[in-house]
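Survey of secondary and tertiary structure
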Amino acid sequence: EVQLVESGGGLVQPGGFLRLSCAASGFTFSIYAMSWVRQGPGKGLEWVSAINSEGGSTSYADSVKGRFTISRDNAKNTVYLQMNSLKPEDTAVYRCAATLYGSPTASALYEYDYWGQGTQVTVYP
C-alpha cells in the first residue's frame, strides 16, 4: 500500500519556523521527484517546491523562494520542507506529492502519482 504521511505542522507566530516531513512507503521513493503543494483557506492548490529524485535539483515558487528549503533523504524515504520567516499568508494545509514522469511543478493533485493527506500550518499574528 502506498503511503505518504506528512508531519511537523502546527501553530507559529510570524517570523517563526517549522520543518515539515513526509514519510513515504509502498513505492520506490528514490526514483520519484517529490513536491510540496499547499492549499490556504478559501484558496486553490498552490505548488510550493520540488526536488528531483537524486536531490540535486530543487525549485521554488516565487512566494517562498529564499525562505523555504526542500530536501530529501532517500535512505529514509523522507522528504522535508524547512520553512523559515513564516508569514500569515503561508497558512495552509501542506501536502507532499510524488511523480515519476509528470511535472513536479504541477498545481493539481491529479497530475501526481501519489499524495498525502496533509499537515496544517497556521501562522498567526
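Structure shown above.
In short, a report on the structure. Since this is a predicted model, take the numbers as computed values, not measurements.

Some words on the nonpolar core
Ranked by size, the top nonpolar core spans 35 residues in total, and within it Met-34, Trp-36, Val-79, Leu-81, Met-83 and Tyr-94 carry the most contacts. Looking at this core, the elements that each hand over two or more residues are strand E3 (18-25), strand E4 (33-39), strand E5 (45-51), strand E7 (68-73), strand E8 (78-83), strand E9 (92-99) and strand E11 (119-123). When residues of this core are assigned to their parent elements, the largest contribution, five residues, is made by E9.

Regarding the environment of Gln-120
Examined against the element boundaries, Gln-120 turns out to sit in strand E11. Of the residues examined, Gln-120 reaches a relative accessible area of 40% and is grouped as partly exposed. Sequence spacing of Gln-120 and Gly-40 is 80 residues, and the spatial spacing of their C-alpha atoms is 9.5 Å. Setting aside chain neighbours within four positions, we find Gln-120 in contact with Gly-9, Gly-10, Thr-91, Ala-92 and Val-93.

Focus: the environment of Arg-72
Following the sequence through the fold, Arg-72 ends up in strand E7. Through-space distance from the C-alpha of Arg-72 to that of Gly-55 is 6.2 Å; in sequence the pair is 17 residues apart. For Arg-72, the contacting residues outside a window of four places in its chain are Phe-29, Ser-30, Tyr-32, Ala-33, Met-34, Ile-51, Asn-52, Ser-53, Gly-55, Thr-78, Val-79 and Tyr-80. At a separation of 2.8 Å, a polar atom in the side chain of Arg-72 contacts the main-chain carbonyl oxygen of Tyr-32. Engagement of the side chain of Arg-72 in a polar contact is seen with the backbone oxygen of Asn-52, the distance being 2.9 Å.

What counts, and where the lines are drawn
- Residues numbered from 1 in each chain as written.
- Predicted model: local features only at pLDDT ≥ 70, side-chain atom pairs only at ≥ 80, totals over all residues.
- Heavy atoms only, no water.
- Core = buried A, V, L, I, M, F, W, Y, C linked by side-chain atoms within 4.5 Å.
- Buried < 20%, exposed > 50% of the residue type's maximum accessible area, 1.4 Å probe, protein only.
- Helix = DSSP H or I, 4+ residues; strand = E, 2+ residues; numbered from the N terminus.
- Contact = heavy atoms within 4.5 Å.
- Polar contact = N/O pair within 3.5 Å; in protein donor to acceptor, adjacent residues only side chain to side chain.

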